[in-house]
Amino acid sequence: MAKTEKDRLEMIRAVQKELKYARFIHTLGVAETAAALAVRHGCDIHKAETAGILHDCAKYMDVSKMESLCRKEGLEISPLERGNPALLHSKAGSILARTKYGVEDPDILEAIRYHTTGKPDMSMLEKIVFIADYIEPGRDQAPHLDEIRKAAFEDLDKALCMILKDTLSYLRENEREIDFLTQKTYDYYEDRIRTLN
Ligand code: DGI
Ligand code: FE
Ligand code: FE
């Protein structure tokens, strides 16, 4: 986590160098939204902001480099993940956050690692980063954004379940293969998802 204001600014500047402009603005939106959600729900604001700043730090890394990075760290790559930057950038990002950006806090590293698929029984920080990624001010494509944004500041689990429901519908409608962990996350929260109308 950024320990001083200088560290924080340097981290933002370093990640900016790795991202296209629109992705950098998205990153700032996620960091700001995650920080606001942390204040609202009693989570650590600095951890939330740092995870937000770094969550997509590996987005533009070459996919073969993402794979070699994961392999080097002993992280398994599933058949669906192979060659798929949309799924691999979160795993690779969690490694880079530690090795390149000096983040040691496992809570932050896990929040980065699971920000795309989620995982069963997520921590509050993991939920916050996952939700912030979906609702930051620059997002405008997903359905129900107004309702999900409102829910995020009232009931974190409700917002999480709304996102999981819409994400699974989106992946199914577009005939995209569903990742093992995306499915496991959905299954874990399914009872709560069913109570949504
Ligand atoms: O990196 P971002 O664009 O900010 O957002 P993200 O890390 O949540 O990645 C979203 C992408 O990940 C989106 O294109 C859909 C894809 N994705 C998430 N879960 C799955 C998935 N793609 C497939 N095929 N299967 C999944 O289960
Ligand atoms: Fe991402
Ligand atoms: Fe993102």
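Values in this document were obtained by computation on a predicted structure and should not be read as measured data. Per chain, the residues get numbers from 1 upward, laid out in the order the sequence is written. Throughout, the order in which chains and ligands are written sets their labels, letters from A for the former and numbers from 1 for the latter. Under the rules for a predicted model, residues below a pLDDT of 70 receive no local features and side-chain atom pairs below 80 are neither given nor counted, while totals for whole chains, interfaces and linings still include all residues. Note that the side-chain values use all heavy atoms of the structure and ignore hydrogens as well as water.

Caption draft 1: Highlighting the coordination of the iron ion (ligand 3). Each metal's donors comprise the N, O and S atoms found within 2.8 Å of it (within 3.2 Å for Na, K or Ca). Water is not part of the atom list, so some coordination spheres may appear incomplete. Protein-derived coordination of the iron ion (ligand 3) comes from His26 (NE2), His55 (NE2), Asp56 (OD) and Asp133 (OD), at a distance range of 2.2 Å. Sequence positions of the residues that donate to the iron ion (ligand 3) give the spacing H-x28-H-D-x76-D. The class for Asp133 is buried, based on a relative accessible area of 11%. Each residue gets one of three labels from its accessible area relative to the maximum for its type: buried under 20%, exposed over 50%, partly exposed in between, using a 1.4 Å probe on protein chains only.

Caption draft 2: Seen up close, the packing of aromatic side chains. Aromatic rings from Phe, Tyr and Trp, taking only the six-membered ring of Trp, are treated as a pair when their centres fall within 6.5 Å; an angle between ring planes under 30 degrees marks them as stacked, one over 60 as edge-to-face, and anything in between as tilted. Inspection of every chain in the model, using the stated rule, returns 1 aromatic pair. On the numbers, 4.8 Å between centres and 75° between planes, the contact of Tyr188 with Tyr189 is edge-to-face. According to the relative accessible area criterion, Tyr188 is partly exposed, its value standing at 45%. Owing to a relative accessible area of 8%, Tyr189 belongs among the buried residues under this scheme. Put simply, a charge is over a ring when the Lys NZ or the Arg CZ is close to the ring centre, within 6 Å, and near the line of the ring normal, within 35 degrees. Across the ring face of Tyr114, the terminal group of Lys119 is positioned such that the distance to the ring centre comes to 5.4 Å.

Caption draft 3: Focus on the packing of helix H7 (residues 124-135) against helix H9 (residues 156-173). The interhelical angle for the contact between H7 and H9, taken along N-to-C directions, is 55°, at an axis separation of 10 Å. Here H9 runs oblique to H7, going by the angle between their axes. In the crossing of H7 with H9, the sense of the turn from one axis to the other is left-handed. Residues Met124, Lys127, Ile128, Phe130, Ile131 and Tyr134 of H7 touch H9, and the partners they reach there are Leu156, Asp157, Ala159, Leu160, Ile163, Leu164, Asp166 and Thr167. Three residue categories are used. Nonpolar comprises Ala, Val, Leu, Ile, Met, Phe, Trp, Tyr, Cys and Pro, charged comprises Asp, Glu, Lys and Arg, and polar comprises the others, including Gly. Looking at the contact of H7 with H9 residue by residue, the class counts come to 10 nonpolar, 1 polar and 3 charged. The angle between two axes is taken between their N-to-C directions and runs from 0 to 180 degrees, where each axis is a line fitted to C-alpha atoms and a helix contributes only its stretch in contact. Helix and strand assignments follow DSSP, with helices taken as H or I runs no shorter than four residues and strands as E runs no shorter than two, numbered in order from the N terminus. Oblique is the label for any angle not under 35 degrees, not over 145, and not in the 65 to 115 range, which are roughly parallel, roughly antiparallel and roughly perpendicular in turn. Put simply, a crossing is left-handed when the front helix is turned counterclockwise from the back one by less than a right angle, and right-handed when it is turned clockwise. Residues count as neighbours in contact if any of their non-hydrogen atoms are within 4.5 Å of one another.

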